[in-house]
Amino acid sequence: MPRVLLIEDDAAVRDGVTLALRRRGHEVAAAASGEEGLAVLPVFRPDIVLLDLMLPGKDGFQVCRLIRAERQLPIIMLTARGDDLDVVLGLEAGADDYIVKPARGEVLEARIRAVLRRTALPADGAPAVEPGPAPVETYGELAIDRAGLVVGKGGQDLALAPSEMKLLLFLSATPGQVFSRQQLLEHVWEHSYHGDARLVDACVMRLRTKIEDTPRSPRYVQTVRGFGYRFGPL
């Protein structure tokens, strides 16, 4: 089962989430502050991080950026509010998803599994990988190795967060095809309900800063106003 690092300062929430996840077979390390969580991270080596935004000392936004600077671990934000600026800022800081507290154990489990599936599976619509080395797809200066889950630009590998990688793999599997935000939520984030378009927009913004020469004039991940996003045409 995935190893979960929980960083949450509210003792009641921390104990409740820890108990719910352990009952489902997860190994959980719990930290009461951002500083404690960052210290535990290299020792515990989690598969995913559940991160509260409102922490004493280093807040969740700072912790998220620090983790992203060193590792591409999946990060799910825990927030007491789901409709305010905090969510947007957390997504822009590098979180892959968010959960509004309080959350039931089955909700936590479902979202953890969905986020982790993005790191392990090729994008929907991508061709099955045959035995032996697969060809690397090249689009301008961008090179995409679907089998190895490696993206490079100008000969340098790019550090993409899990949601950024899955989004790029999904869009580039069918260049020129336009997908709505809701379609992307269903295929990339695996949200079958009417999800939050901010997840998509924030991920696109982060991805563009890494793959585009000029993020405001993108070549690769393009906006089709009133419809959604597409990959190219270059």
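Whatever comes next refers back to the structure up there.
In this report, the structure presented in the accompanying data block is examined. (Residues numbered from 1 in each chain as written. Predicted model: local features only at pLDDT ≥ 70, side-chain atom pairs only at ≥ 80, totals over all residues. Heavy atoms only, no water.)

Some words on the sheet that holds strand β7 (residues 142-145)
Neighbouring strands of a sheet are bound in pairs by backbone hydrogen bonds; such pairs are parallel or else antiparallel.
Link 1 in the chain: Sheet architecture is open: 4 strands sit in the order β6-β7-β8-β9, paired in antiparallel fashion. Each having just a single partner strand, β6 (137-139) and β9 (156-157) make up the two edges of the open sheet.
Link 2 in the chain: Note: β7 against strand β8 (residues 150-153), 4 bridges, orientation antiparallel. Note that in β8 the partner of Ile 144 across the bridge is Val 151.
Link 3 in the chain: Across the face of the sheet, helix α6 (residues 162-172) comes into contact with β6, β7 and β8 while running at roughly 95° to β7. (Pairing = 2+ DSSP bridges. Helix = DSSP H or I, 4+ residues; strand = E, 2+ residues; numbered from the N terminus. Contact = heavy atoms within 4.5 Å. Axes fitted to C-alpha atoms, helices over the stretch in contact; angles between N-to-C directions.)

With respect to the pattern of salt bridges
Link 1 in the chain: All chains considered together, the criterion is met by 13 salt bridges.
Link 2 in the chain: Across the salt bridge formed by Arg 113 and Glu 109, the nearest N and O atoms sit 2.6 Å from each other. Of the two residues, Arg 113 and Glu 109 are both situated in helix α5 (residues 105-120); the distance of 4 residues between them amounts to about one turn of the helix.
Link 3 in the chain: Taking the relative accessible area as the measure of exposure, Glu 109 reaches 10% and is therefore buried.
Link 4 in the chain: A single salt-bridge network, built from bridges that share partners, covers Glu 8, Asp 52 and Lys 101. (Salt bridge = Lys/Arg side-chain N within 4 Å of Asp/Glu carboxyl O. Buried < 20%, exposed > 50% of the residue type's maximum accessible area, 1.4 Å probe, protein only.)

So, unusual backbone geometry
Link 1 in the chain: For the peptide bond that leads from Lys 101 to Pro 102, omega is -10°, which places it in the cis range.
Link 2 in the chain: Tracing the chain through its elements places Pro 102 in the loop between β5 (97-100) and α5.
Link 3 in the chain: Of note in the backbone geometry, Leu 149 takes a positive phi value of approximately 50° without being a glycine.
Link 4 in the chain: Among the residues examined, Leu 149 registers a relative accessible area of 27% and is labelled partly exposed.

Here's the deal with the side chain of Ser 33
Link 1 in the chain: You can see Ser 33 is positioned in the loop between β2 (27-31) and α2 (34-44).
Link 2 in the chain: Its relative accessible area of 17% is what places Ser 33 among the buried residues.
Link 3 in the chain: Reaching out from Ser 33, the side chain makes a polar contact with the backbone nitrogen of Glu 36 at a distance of 3.1 Å. (Polar contact = N/O pair within 3.5 Å; in protein donor to acceptor, adjacent residues only side chain to side chain.)

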